[in-house]
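# Examination of the molecular architecture
Here are the chains, one letter per residue:
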Amino acid sequence: MKRVIIGLSGGVDSSVAAYLLKQQGYEVIGLFMKNWHDDSVTISNECPWLDDSNDAMLVAEKLGIPFQTVDLSEQYKERIVDYMFKEYEKGRTPNPDVLCNREIKFDVFMKIALELGADYVATGHYCRKRTIKKDGKEIYQLLSGVDGNKDQSYFLCQLSQEQLAKSLFPIGELTKPEVRDIATELDLVTANKKDSQGLCFIGKVKLPDFLQQQLKPKEGVIVEVSKEQKFFNESIPKFQSEEDKLKYLSRKINYKIDDGKIVGKHQGAHYFTKGQRKGLAVGGTIEPLFVIDTDVNENVIFTGQGKEHPGLYKKALFVTNEELHWIREDLALNVDETMQVNARIRYRQSLQKATLHKVDSGLYVEFEALQSAITEGQFVAWYLNDELIGSGVIS
């Protein structure tokens, strides 16, 4: 009998996943990960992880499976929190959920599970895994979840073949309403529990509040850049090569204060991210202001009016070799090769037609349509049909 250790988070998805595994004849053990215990940074008196671990325990009891809690907060702080602050200080916007899966759930947690004699680790993600044979070798595919509305394959875009080999995603074939129905029928305490929001570890903390406690406020100016600026309206030069064209399309405009007018003040450029509208507190513009770039060295935020502002849009992005990752190593491109894919630059985005171009220094992703707020530090993931085959950090 194969042993599966499931990360029980105290939510409805992992509860139903545990039930399904039991139905499928696995020996199931529930493990709750405690990732955070610095109560100085939760913003309410509620202690979300205590409630969650309690719910997870009740679910395990109901399903008749063994349950224990593991404390991963040290690894979490090192691998996720510290990394996040470093990225924010550099003016990039990291994605803690993608990292949490790569570094914690499918690495630290998986190692603990394997030490406990598990054959597999399971989670309540809405995605699917398939195994194919190629040249006599087994290859694991990561497919999007059947529920297009809840598909979470994007969050797993950094997993490796080794990690996928040991992973199970029991609810990937179900829709969210079906999952809730099963939980209701079983009378699980999590059946009507709201989906967790906020960071994947601190429960009720909002990211800006969390950052503010760690990164010191520093007053700077907000500059509004007009869409009439000459660099938005220059004609596209002639290129010597495809790579020169891609370099141009993915370039970063280096804004200066005198490219626009000062319209307000802020408390720290590192709290803001490209495409952000809230929190600028500048009134009196015809259309709302959006962040088009931040300069953390000079502590300046550059903004533009309206969500059609040209400073928000680009057609291409670049991923360095160090930050390039293929789930399907067998499909990895060689230099000068291209591939037609569908890609997304954030979790909720619908898939966009794009072409990958491999060059010496990394990989360009060139989109068919202009993309809004391509943000450094976030992940781009690319798919062939419903299979996620690779990803990278936008540089």
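Residues numbered from 1 in each chain as written. Predicted model: local features only at pLDDT ≥ 70, side-chain atom pairs only at ≥ 80, totals over all residues. Heavy atoms only, no water.

## Remarks on the state of the cysteines
For the structure shown, the criterion picks out zero disulfides. No disulfide involves C127; its sulfur sits 12 Å from the nearest other cysteine sulfur, which is in C157. Residue class for C127 comes out buried when judged on its relative accessible area of 0%. (Disulfide = S-S within 2.5 Å. Buried < 20%, exposed > 50% of the residue type's maximum accessible area, 1.4 Å probe, protein only.)

## A short note on the pairing of strand β2 (residues 27-34)
Buried residues dominate β2, accounting for seven of its eight residues. Of the strand pairs in this sheet, strand β1 (residues 3-7) and β2 are connected by five bridges, and their pairing is parallel. Across the sheet, residue V4 finds its bridge partner in β2, namely V28. With respect to chirality, the unit in which β1 leads through helix α1 (residues 12-23) into the neighbouring parallel β2 is right-handed. The sheet contact formed by β2 and strand β3 (residues 67-71) spans five bridges and is parallel. (Helix = DSSP H or I, 4+ residues; strand = E, 2+ residues; numbered from the N terminus. Pairing = 2+ DSSP bridges. Right-handed = clockwise from strand over helix to strand, strands pointing away.)

## Focus: unusual backbone geometry
A positive phi angle, close to 55°, is found at A373, a residue other than glycine. By the secondary structure assignment, A373 is in the loop between β16 (362-372) and β17 (379-384).

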